[in-house]
Amino acid sequence: MKNHRLFLCFVFGLLFTFFVAATDSANQVSAQTPPAEWTLMFYMDSDNNLEAPQMEDLEEMMAVGSSANINLIGLVDRSS
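Please read all numbers here as calculations on a predicted model, not as lab measurements.

Trainee: Please explain the overall build of the chain as it appears in this structure.
Mentor: Along the backbone of the chain there are 2 helices and 2 strands. Listed by position from the N terminus, the elements making up the chain come as α-β-α-β. Sorting the 80 residues of the chain into buried and exposed places 8% on the buried side. Here the contacts in the chain between residues at least 6 apart in sequence split such that 70% fall between residues at least 24 apart. Accessible surface, the chain: about 7000 Å² in total, of which carbon and sulfur atoms supply 65%.

This is the structure we're talking about:
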């Protein structure tokens, strides 16, 4: 039981360390980069015969990509 507690303390310590490091690096990036004017978020779900057209649309969006003023964020659900 004592070993389990020690292990859990170790794991939580590692997670806390990674969280603090990630937060610090995110704050440094956001301090250097001004926020975009627009953020476009889209959800695409095609667990059916519309997967091929969905992938074509996704490829078009990826070709355009994000810019300094526009963030593109997508959540895509495929049938395969």
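Trainee: How should the pattern of salt bridges be read in this particular structure?
Mentor: Two side chains with opposite charge may pair up if their charged atoms get near one another. A complete count under the given rule lists 1 salt bridge for this structure. The residue Glu51 makes a salt bridge to Arg78 at a minimum N-O spacing of 2.6 Å. Here the residue Glu51 occupies a position in helix 2 (residues 51-64), and Arg78 occupies one in strand 2 (residues 70-78), the gap between them amounting to 27 residues. Among the residues examined, Glu51 registers a relative accessible area of 12% and is labelled buried.

Trainee: Please explain the side chain of Glu51 as it appears in this structure.
Mentor: A distance of 2.5 Å separates polar atoms of two side chains, one belonging to Glu51 and the other to Ser79. Residues contacting Glu51, with those up to four places away along its chain left out, are Ser46, Arg78, Ser79 and Ser80.

Trainee: Hey, could you run me through the confidence of the model for the chain in this one?
Mentor: Where the model shows low pLDDT, its predicted coordinates should not be examined in detail. With 59% of its residues at a pLDDT of 70 or more, the chain has an overall mean of 76. Put simply, helix 1 (residues 2-32) is where the chain has its lowest mean pLDDT, 62, and helix 2 is where it has its highest, 89.

Definitions and cut-offs
Residues numbered from 1 in each chain as written. Predicted model: local features only at pLDDT ≥ 70, side-chain atom pairs only at ≥ 80, totals over all residues. Heavy atoms only, no water. Helix = DSSP H or I, 4+ residues; strand = E, 2+ residues; numbered from the N terminus. Buried < 20%, exposed > 50% of the residue type's maximum accessible area, 1.4 Å probe, protein only. Contact = heavy atoms within 4.5 Å. Areas by Shrake-Rupley, 256 points an atom, 1.4 Å probe, with all protein chains shown as cover. Salt bridge = Lys/Arg side-chain N within 4 Å of Asp/Glu carboxyl O. Polar contact = N/O pair within 3.5 Å; in protein donor to acceptor, adjacent residues only side chain to side chain. pLDDT = per-residue confidence, 0-100.

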